[in-house]
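Here are the chains, one letter per residue:
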Amino acid sequence: MTLQKRFIYTLLLTLLPIAMSAQMRFGYYDHDVVLQSMSDYTEAKDAVEKLNKQYEDEMQRAAADLNSKYEDFLDGQKDFAPSILKKRQAELQDIYNKNIAFRKDAEKLLAESEKAIYAPVLQRLNTVIRQVGQQHGYAFVIRHDADMMPFINEMIGEDITEELIELLKNY
């Protein structure tokens, strides 16, 4: 179980008894459904996929370049003088190390870029969630994902997924 899920379960176990005893209400929504309904989420997702493709293409190009040089090395290694052989081995090792470093940098840059690309979308979603929560007088709003909460008592909680989708269309 991820740390985020543990935190949410702990929070729920702490807050739900309080909510039930004080007649508090809460809202819940299906995060994935709401996100996928947002046009700017679709645009952000496309941008992330495009960036991923660019990095993947570059990594494949670099791997093909390494493979080509390695094949050339294998074809000529028996004819190389010992000093040339060592030089070529060092060149191949350098290319390999650079490819590994590029892959690590690319993963880090992609994660940072993805976070930055999705930030405005999530900020807009959170703003609308706060508005709905305040408008309905909820004690809190819970993100409900497919496997996160197997049961929500609808007597004290309200599904606001559709309301969020509608409000986000006009926000």
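In this text, all values refer to a predicted model and were calculated from it rather than measured experimentally.

What follows deals with the overall build of the chain. In terms of regular secondary structure, the chain is built from 5 helices and 3 strands. Its helices and strands in sequence order give the chain the pattern α-β-α-α-α-β-β-α, from N to C terminus. A compact globule built from 171 residues would reach a C-alpha radius of gyration of about 16 Å, whereas the chain, at 26 Å, exceeds it by more than 25%. If you line up the chain on its principal axes, its C-alpha atoms span 85 × 35 × 20 Å. With 171 residues in all, the chain has 29% of them scored as buried. At a minimum sequence separation of 6, the contacts of the chain that also span at least 24 residues come to 84%. In the form shown here, the chain has an accessible surface area of approximately 11,800 Å², with 55% of it arising from carbon and sulfur atoms. Mean positive and mean negative side-chain charge positions of the chain (21 and 28 charges, respectively) differ by 7 Å.

This brings us to helix α3 (residues 39-76). For α3, built from 38 residues, the straight-helix expectation of 56 Å at 1.5 Å per residue is met to within 8% by its first-to-last C-alpha distance of 56 Å. Where α3 is concerned, the buried positions are Asp40, Tyr41, Ala44, Val48, Leu51, Tyr55, Met59, Ala62, Leu66, Phe73 and Gly76.

A few words on helix α5 (residues 161-170). Considered for burial, the residues of α5 that qualify are Thr161, Leu164, Ile165 and Leu168. Summarising the axial view, the buried residues of α5 lie within an arc of 100°, below the 170-degree limit, and thus occupy one face. Across from the buried face of α5, at angles greater than 90 degrees, the exposed residues are Glu162 and Asn170. Contacts made by the buried residues of α5 are with β1 (26-30), α2 (31-37), α4 (82-136) and β3 (157-159).

This brings us to the packing of α4 against α5. Relative placement of two packed helices is described by the angle separating their axes and the distance separating the axes. Across the interface, α4 lies against α5 with an axial gap of 10 Å and an inter-helix angle of 120°. Considered as vectors, α4 and α5 are oriented oblique to each other. Both α4 and α5 take part in a crossing whose hand is right-handed. For the pair α4 and α5, contact is made by Arg124, Leu125, Val128, Ile129, Val132, Gln135 and His136 and by Glu163, Leu164, Leu167 and Leu168, respectively. Residues belonging to the contact of α4 with α5 are distributed by class as follows: 7 nonpolar, 2 polar and 2 charged.

With that settled, consider the nonpolar core. Judged by nonpolar contacts, the single largest core of 18 residues is most densely connected at Val34, Met38, Leu125 and Leu164. Those elements that provide at least two residues to this core are α2, α3, α4 and α5. Tallying contributions element by element places α4 first for this core, with 6 residues. Those residues in contact with Leu125 that sit more than four places away from it in its chain are His31, Val34, Leu35, Met38 and Leu168. Among the nonpolar cores identified, the runner-up in size contains 7 residues, and Phe140, Ile142, Met149 and Ile152 belong to it.

On to the packing of α3 against α4. Running from amino to carboxyl end, α3 crosses α4 at an angle of 175°, the nearest separation of the two axes being 10 Å. Comparing their axes, α4 and α3 come out roughly antiparallel. Classifying every residue of the contact of α3 with α4 by side-chain character gives 23 nonpolar, 4 polar and 8 charged.

Definitions and limits used
- Residues numbered from 1 in each chain as written.
- Predicted model: local features only at pLDDT ≥ 70, side-chain atom pairs only at ≥ 80, totals over all residues.
- Heavy atoms only, no water.
- Helix = DSSP H or I, 4+ residues; strand = E, 2+ residues; numbered from the N terminus.
- Rg over C-alpha atoms; globule rule 2.2 N^0.38 Å.
- Buried < 20%, exposed > 50% of the residue type's maximum accessible area, 1.4 Å probe, protein only.
- Contact = heavy atoms within 4.5 Å.
- Areas by Shrake-Rupley, 256 points an atom, 1.4 Å probe, with all protein chains shown as cover.
- Lys, Arg positive; Asp, Glu negative; His and termini not counted.
- Charge placed at Lys NZ, Arg CZ, Asp CG, Glu CD.
- Expected span 1.5 Å × (residues − 1).
- Arc of directions from axis to C-beta.
- Axes fitted to C-alpha atoms, helices over the stretch in contact; angles between N-to-C directions.
- Parallel < 35°, antiparallel > 145°, perpendicular 65-115°, else oblique.
- Left-handed = near helix turned anticlockwise from the far one by under 90°.
- Nonpolar A, V, L, I, M, F, W, Y, C, P; charged D, E, K, R; others polar.
- Core = buried A, V, L, I, M, F, W, Y, C linked by side-chain atoms within 4.5 Å.

Fair warning: the whole summary comes from geometry, so function is off the table for now.
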